[in-house]
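# Chain and residue survey
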Amino acid sequence: MTLGAAVRQKARDVAVAALLLLLGATLGLAALGVAARHPVLPLAAPVATLLLWLGVAVRPRALWFFLPAALPVMSFAPWTGWWLLDESDVMVLACLAGAFAHWGLDVWRRGARAGAGITTRFAVLWVALAWLLIVGVTRGLSDAGVDGAEIPGWNEAMYAGYDSAWNTWRVAKSWVWALLLGLLLHSPGGADGGIPRLVARGMVVGLGLVVTVALWERGVYAGLFDFSRAYRTSAWFWEMHVGGGAIDAYLAMAVPFAAWALWTAPTPWRWAGANALVVLSVYVVLTTYSRGVYLAVLIALLLMGITAWFFKLAPAAGPAWGRRSLVAMTCTLLLESAAVLGGGSFMADRLASSDSDLVGRMQHWRSGLGLLQTPTAWVTGLGMGRFPAHYSRAVGGEHYPGEALWRPGEVLPAHVLLSGRRASGQRADLFALTQRVDLDDAGPVRVRLRASGVGPAKVLLSLCERHLLYEFACQRRWAALKPVSDAGDGWIEWPVGPSIFVDREGVARWRETVISLSSAPTGRPVRVDSVELWDSRGAQRLHNADFSEGLQHWLPMAQGQFQPWHVDNLYLEVLIERGLLGMIVMGAWLLGALSCLEKPLRQGDSTAWALAASLTGVAVLGAVISVTEVPRVSLILMILLWSSGAIRGQIEDVSRRNKL
């Protein structure tokens, strides 16, 4: 190499290193900035974010384990009220910041050639995905009529709602994270082909956390062995506050990794632990009472069994333990299915209504497709995150069951416009504005509400034991509101006591208490200025009672009417929001990922085995569940897709002579 060429190469290395370090610093500062505004942990959240940033900068490969392990539980929306961003985004930003900083330092020391070479196949796919993101965001913002001259405040963006242009950004953020993660596949930490196994281990840990949360939920709220109550497990997938199948999609992706952990356990003790995870995972799947996830998980596990036999995949502990694994999984499926399906009436009722549900779902799909009115819409879609806004306005009788729209204080103080269903005779509690409240040692309490309406407006006040969509013991009161012109001070007081929920015993004492406000279906929203809850000592138990901080600590909640938010079909969702071009790109990504797994699978790579089953499971479930509107779940799916493309085809350290 000549001196001039060496100088130019060094200049390029410095430029690349500076760019990577700048990107890492920008992402890290963004993570710290969001964490510093955490409503519950304003000090601990930034400290944890900084430690995570530094930790990943030291060990960048750790993010491939940490993200799939933590994403399923890294959201605290019922306590924070965050909507546009949440703790999972802070975590992803910190991990990306650390990884890009490490890459930049590595390039600075070793040159820009450090890491894995970017293949033409990857480059084409990455550019296509980036183009699809840009088109989807541009279409979405244009459709929402965004005025670029106005920059909204933090509260206006964070709590904007599904009907706003910010829903485009909420859906698009997981694509941005995924594109950056795709680049990291070609960093020094992604060059050795070990990423898929790290992701697989992270999926096992994440599934273990979800199972733990689900068992706590069932034990506290529904009862571990009560299969007659109309209660469906949701764990910590708070995105289901407007329905949807976030936990369904996650389980379809994650359960195959429990079987993988069982198959690859090298010792009896690890085998026993993995077997327990399989048993508990199947229990959680069954208690979702979702027919779609039943079918998806069953097909994924059957695929694993067939391919293990066909390709002679060897269990880590030898053929005897392999046979025990197959027997254990089969017995688990049969016994638990019999217990849940035969031990209560709820699933029997759901199965009996399958035909009518299918008819309703097909009508829902036709209504969704009817939103594509122009050739441009068919080609490029309505725009990312725009399905709810279009469906609620364009489909007759399928408007939102209610909305909670925050309005900043200008001439008047900050307030919330709370609306219910527009049709008379409908239930008022199909939509509510909720906040979790700690009433331990509260004694008799009183609720004070300042609100006004147009015409004969009413608000339903409730104090309930509640987990996400399901209420238990409740105390309710209707409050008649004065019109705006004659509201006066507007205060309505409701004494509650002397003791709340006195009959709670055992684990039921751990149930969360939630205060809810629902507007009667008058056709017009009511204005809520303040909600207060005072205990017997005169202490305020609610946070952000006057809505001065937006909907911080408040979480809107739908119940029983979820069609406006979901088309309930992954493929139709992609088609409606991203068009035929989006369908082609996403289909090519999925098929390309599966094709990358074929050769390693034939060579006996059990990680490829689990990845293939996971992608197959979510592909099957996609026929009845949409995914891309749930950023955490869609990011996990995209991590699995990248991991499948990163398989190098290594044969694990297991003898090929071990046959079933």
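Residues numbered from 1 in each chain as written. Predicted model: local features only at pLDDT ≥ 70, side-chain atom pairs only at ≥ 80, totals over all residues. Heavy atoms only, no water.

Counting across every chain of the model gives one disulfide. One disulfide in the model links C464 with C474; its S-S distance is 2.0 Å. On the sign convention where negative is left-handed, the bridge of C464 and C474, at about 120° about the S-S bond, is right-handed. Residue C464 is found in strand β5 (residues 458–467), and its partner C474 is found in strand β6 (residues 470–480); the two are separated by ten residues along the sequence. (Disulfide = S-S within 2.5 Å. Helix = DSSP H or I, 4+ residues; strand = E, 2+ residues; numbered from the N terminus.)

As a further point, take the confidence of the model for the chain. Predicted confidence across the chain gives a mean pLDDT of 87, with 90% of residues reaching 70 or more. Long-range and interchain partners of residues 649–660, a stretch whose pLDDT sits below 50, account for 35 contacts in this model, where long-range means more than four residues apart. (pLDDT = per-residue confidence, 0-100. Contact = heavy atoms within 4.5 Å.)

As a further point, take helix α11 (residues 268–287). The end-to-end C-alpha distance of α11, which contains 20 residues, comes to 29 Å, matching closely the 28 Å that a straight helix rising 1.5 Å per residue would cover. Residues W271, A274, N275, L277, V278, S281, V282, Y283, V284, V285, L286 and T287 constitute the buried set of α11. In the segment just after α11, Y289 is the residue with positive phi, at about 55°. (Expected span 1.5 Å × (residues − 1). Buried < 20%, exposed > 50% of the residue type's maximum accessible area, 1.4 Å probe, protein only.)

Glancing now at the environment of R232. Here R232 shows up in the loop between α9 (195–222) and α10 (246–264). Classification of R232 by relative accessible area gives partly exposed; the value is 25%. Put simply, R232 and D106 are 126 residues apart on the chain and 48 Å apart in space, counted from C-alpha to C-alpha. Aside from chain neighbours lying at most four places away, what touches R232 is E217, T287, T288, Y289, S290, F346, R350 and Y470. Engagement of the side chain of R232 in a polar contact is seen with the backbone oxygen of T288, the distance being 2.7 Å. (Polar contact = N/O pair within 3.5 Å; in protein donor to acceptor, adjacent residues only side chain to side chain.)

Turning our eyes to something else, we now look at the layout of surface pockets. Where empty space is left becomes clear once a probe the size of a water molecule has been rolled over the atoms. Its boundaries defined by the atoms lining it, the largest pocket holds a volume of some 1200 Å³. Along the walls of the largest pocket sit 36 residues, with R232, R291, R350, R361 and F562 positioned nearest its centre. Of all the secondary-structure elements, those providing two or more residues to the lining of the largest pocket are α10, α12 (291–310) and α15 (354–369). No other element matches the six residues that α15 contributes to the lining of the largest pocket. Split into classes, the residues belonging to the lining of the largest pocket amount to twelve nonpolar, 16 polar and eight charged. (1 Å grid on protein atoms, 1.4 Å probe; cavity = no way out; pocket = protein on both sides within 12 Å on 5 of 7 lines; lining within 4 Å. Points joined across faces, edges and corners; volume = space filled by probe spheres on them. Nonpolar A, V, L, I, M, F, W, Y, C, P; charged D, E, K, R; others polar.)

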